[in-house]
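Close look at the chain arrangement
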Amino acid sequence: MLAFYKLIQLLSIGRPIVRRCDSYGDVEVYDTDDRRILALGSIFEQSCQFKSNPAYLVHEHMRAMLLPLIYINPRHVTVLGLGGGCLVSCLFKHFCNLRLHAVELRKAVIDIAFEYFQLPVDQRLSVIKSDAWSYISSGETEETDILFCDMYHSDGIERLQLHPKFIRQCRRLLNTQGWLVLNYFQSHWVHKSAFDTILSIFEKVYVCSLTTGNRIVLATDTMPLLSHDMVAQRVDELEGLLGFSMMPYFMRMERFDLKVN
């Protein structure tokens, strides 16, 4: 069975180049042509990067997570769940005045992000080894413009990301203009208490549903009212920076309620 699993992994995501193991399981890196892939003990891609352009976002869910950039120009961003650091590398390259804090539970993942995924070493970026609950419980209140939550293991989502107390603690870290962005899947919609909490503590909540099954939840208290022309202009500016259009994801944004299928 293990040999069969490894064969499927090799055929689906490429040639293995490194494997490390810690108390949480395997951390593996694969190559296929120009792509470098991080997997955490499963056949699923945790991160995917073009080696020739490490700041380009390959995964659609990460592109959709950047929707708040249409509305704000962040100066401080916090990322819970580093993975290969693709989201961090994208923001670091394209927003030169941005300070970034990334929080990752596993030292092996942090090491691999720097060694194999070209994660930048710079004073603008701090990467902290910590569990997310400890970090958000002790972090400075009203500090960050965007808090990205994208915490997954080999067997699925980090359950903390579905807990109402976690959502409330995340709210503490955001400044008055801040956005909370969470990567969920359609299957997580049964956890009504988490989404009730989001709706109860934020004035404006949206969801961007993707064909991959990801549901990106975006929550804020302050969302500028932009005309169609202003949105189009900002989307064009971001496309010039990021190399892909945000418009398909903007068009999928809808007001959140628990009836979203």
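Everything here concerns the structure above.
Since the structure is predicted, the reported quantities are computational estimates derived from the model, not experimental observations.

1. Here's the deal with the packing of aromatic side chains
Evaluation of the coordinates by the stated rule reveals six aromatic pairs. When the centroid spacing of 5.6 Å and the interplanar angle of 20 degrees are considered together, the rings of Y71 and W179 count as stacked. Taken together, the residues Y71 in the loop between helix 2 (60–65) and strand 5 (76–80) and W179 in strand 11 (residues 174–185) connect sequence positions 108 residues apart. Like Y71, the residue W179 is buried in the burial classification. With centroids separated by 5.7 Å and ring planes inclined at 45 degrees, the aromatic side chains of F195 and F256 adopt a geometry described as tilted. One end of the pair, F195, is in helix 7 (residues 192–201); the other, F256, is in the segment after strand 14 (253–255), and 61 residues separate them in sequence. The exposure class of F195 is buried, given its relative accessible area of 0%. Taking the relative accessible area as the measure of exposure, F256 reaches 6% and is therefore buried. Joined through ring pairs, the aromatic side chains of F50, Y56 and F244 make up one cluster. A cation over a ring is seen here: R255 above Y206, with NZ or CZ 5.3 Å from the ring centre.

2. Quick notes on the packing of helix 6 (residues 164–173) against helix 7
At a closest axis distance of 8 Å, the pairing of helix 6 and helix 7 adopts a crossing angle of 30 degrees. Taken together, the axes of helix 6 and helix 7 are roughly parallel relative to one another. Pair helix 6 / helix 7 crosses with right-handed handedness. Together, P164, I167, R168 and R171 of helix 6 and S193, A194, T197, I198, S200 and I201 of helix 7 make up the contact between the two elements. In terms of residue class, the contact of helix 6 with helix 7 is built from five nonpolar, three polar and two charged.

3. Considering the nonpolar core
Of all hydrophobic cores here, the largest spans 52 residues; its most connected members are L66, L91, F148, L218 and M246. Sorting elements by how many residues they give to this core places helix 3 (residues 86–94) first, with six residues. When neighbours within four sequence positions are excluded, M246 is seen to be in contact with R63, L66, L67, I70, V235 and L238. With 30 residues, the next largest nonpolar core counts I136, C149, M151 and F256 among its residues.

4. A look at the pairing of strand 6 (residues 99–104)
Judged by how many residues are buried, strand 6 sits mostly within the fold: five of six residues are covered. The pairing of strand 5 with strand 6 spans five bridges and is parallel. Looking at strand 6, one finds that V79 is bridged to A102. What joins strand 5 to strand 6 is helix 3, and the crossover it makes is right-handed. As defined by bridge partners, strand 6 adjoins strand 7 (residues 125–129) across five bridges and the pair is classed as parallel.

5. Considerations on the sheet that holds strand 1 (residues 15–22)
Ordered in space as 1-2-3-4, the four strands form an open sheet in which the pairing is antiparallel. Edge positions in the sheet fall to strand 1 and strand 4 (47–50), since each of these pairs with one other strand and no more. For this sheet, the mean inter-axis angle between neighbouring strands, taken without regard to orientation, is 15 degrees. As paired elements, strand 3 (residues 35–39) and strand 4 share four bridges and run antiparallel to each other. Looking across to strand 4, one finds that R36 is bridged to Q49. Relative to the sheet, helix 4 (residues 107–116) contacts strand 1, strand 2 (25–32), strand 3 and strand 4, its axis offset from that of strand 1 by approximately 150 degrees.

6. Some words on the sheet that holds strand 12 (residues 204–209)
Strand order in this open sheet of eight strands is 7-6-5-8-11-13-12-14, and the pairing throughout is mixed. If you trace the sheet from one side to the other, it starts and ends with strand 7 and strand 14, each paired once. In this sheet, neighbouring strand axes are inclined to one another by 20 degrees on average, regardless of whether the strands run parallel or antiparallel. Relative to strand 13 (residues 214–220), strand 12 is paired through six bridges, and the arrangement is antiparallel.

So, how was this worked out
Residues numbered from 1 in each chain as written. Predicted model: local features only at pLDDT ≥ 70, side-chain atom pairs only at ≥ 80, totals over all residues. Heavy atoms only, no water. Phe/Tyr/Trp six-rings, centres within 6.5 Å; stacked < 30°, edge-to-face > 60°. Helix = DSSP H or I, 4+ residues; strand = E, 2+ residues; numbered from the N terminus. Buried < 20%, exposed > 50% of the residue type's maximum accessible area, 1.4 Å probe, protein only. Lys NZ or Arg CZ within 6 Å of the ring centre and 35° of its normal. Axes fitted to C-alpha atoms, helices over the stretch in contact; angles between N-to-C directions. Parallel < 35°, antiparallel > 145°, perpendicular 65-115°, else oblique. Left-handed = near helix turned anticlockwise from the far one by under 90°. Contact = heavy atoms within 4.5 Å. Nonpolar A, V, L, I, M, F, W, Y, C, P; charged D, E, K, R; others polar. Core = buried A, V, L, I, M, F, W, Y, C linked by side-chain atoms within 4.5 Å. Pairing = 2+ DSSP bridges. Right-handed = clockwise from strand over helix to strand, strands pointing away.

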